[in-house]
Amino acid sequence: MEYRFGQGYDVHAIAEGLRMVLGGVTIESDRGFVAHSDGDVAIHALCDALLGSLALGDIGHHFPDSSDEFKGIDSRILLERVVAMVRSKGWEIGNADITIALQAPKIGRYVPEMRAALASLMGIETDRVSVKATTTERLGFVGRGEGCEVWALVSVFRP
């Protein structure tokens, strides 16, 4: 078998009165992500990791924020399209490891639901998807509650 790995990173600002969606799950909050799409920063980082694993560019190349087609789009659709690209090249997803840095709200209770949602969208078992939530101990823009950062690492293989 042949293996490859990809890394993704994304960040979004947070503002009052917007919906917060992370890992395909709506988070209870009076604040949400500023974005052209629904702002699911976890899915965006995951898409970049998957695309990067096969040197297919990045999410902005495939789904530009200058396009009205993607205005307000559900990021789950973007992930499904990226997974289809990966599979169309003859590759399968091995696993995904995602770290979400967000000061507030606390999202630990949503982790099992995120893992299940992401696994389902990628067509893999839940035990191959890791989601970890952390804060930045009040340091930097994340610590001040101004934004969220997400890192994703994936493995893909060609049987």
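Before reading further, recall that the structure is shown in the block above.
Summary of the structure given here.

Calculation notes
The residue numbers shown here count from 1 along each chain, following its written sequence. Whole-chain, interface and lining totals are the exception, using all residues; otherwise, since this is a predicted model, local features are given only for residues with pLDDT of at least 70 and side-chain atom pairs are given and counted only at 80 or more. Only hydrogens and water are set aside when side-chain values are computed; all heavy atoms of the structure are taken into account. Nonpolar cores are built from buried Ala, Val, Leu, Ile, Met, Phe, Trp, Tyr and Cys residues. Side-chain atoms within 4.5 Å join them into one set. Relative accessibility under 20% of the residue-type maximum defines a buried residue, over 50% an exposed one, and the middle range a partly exposed one, all with a 1.4 Å probe and only protein chains included. Think of it this way: any DSSP run of H or I at least four residues long counts as a helix, any run of E at least two long counts as a strand, and we number them from the N terminus. What makes two residues a contact is simply this: any of their non-hydrogen atoms within 4.5 Å. In short, DSSP must find at least two bridges between two strands for them to pair. Side-chain rings of Phe, Tyr and Trp (the six-membered ring for Trp) are treated as a pair once their centres are within 6.5 Å; stacked means planes under 30 degrees apart, edge-to-face means over 60, and tilted covers the remaining angles.

## Description of the nonpolar core
Inference 1: L22, L50, L79, I100 and M122 are the most contacted members of the largest nonpolar core, which totals 49 residues.
Inference 2: Breaking this core down by element, the ones donating at least two residues are β2 (20-22), β3 (25-27), α1 (41-53), α3 (75-88), β5 (92-101), α4 (111-122), β6 (129-134) and β7 (147-158).
Inference 3: The contact partners of M122, leaving out residues within four places of it in the chain, are L46, L50, L79, V83, R87, I93, A96 and V129.

## Focus: the pairing of β7
Inference 1: Judged by how many residues are buried, β7 sits mostly within the fold: nine of twelve residues are covered.
Inference 2: Of the strand pairs in this sheet, strand β1 (residues 2-16) and β7 are connected by twelve bridges, and their pairing is antiparallel. Its bridge partner lying in β7, H12 is registered against C148.
Inference 3: In this sheet, β7 lies alongside β5 in antiparallel orientation, the contact comprising nine bridges. Bridge assignment links A96 to a residue of β7, and that residue is V154.

## Some thoughts on the packing of aromatic side chains
Geometry of an aromatic ring pair is reported as the spacing of the ring centres plus the angle between the planes.
Inference 1: Taken as a whole, this structure holds one aromatic pair when the rule is applied.
Inference 2: An angle of 50 degrees between the planes, with centres 5.7 Å apart, marks the rings of Y9 and W151 as tilted. Of this pair, Y9 sits in strand β1 while W151 sits in strand β7, and the two are 142 residues apart along the sequence.
Inference 3: With a relative accessible area of 35%, Y9 lands in the partly exposed category.
Inference 4: When its relative accessible area of 34% is taken as the criterion, W151 is described as partly exposed.

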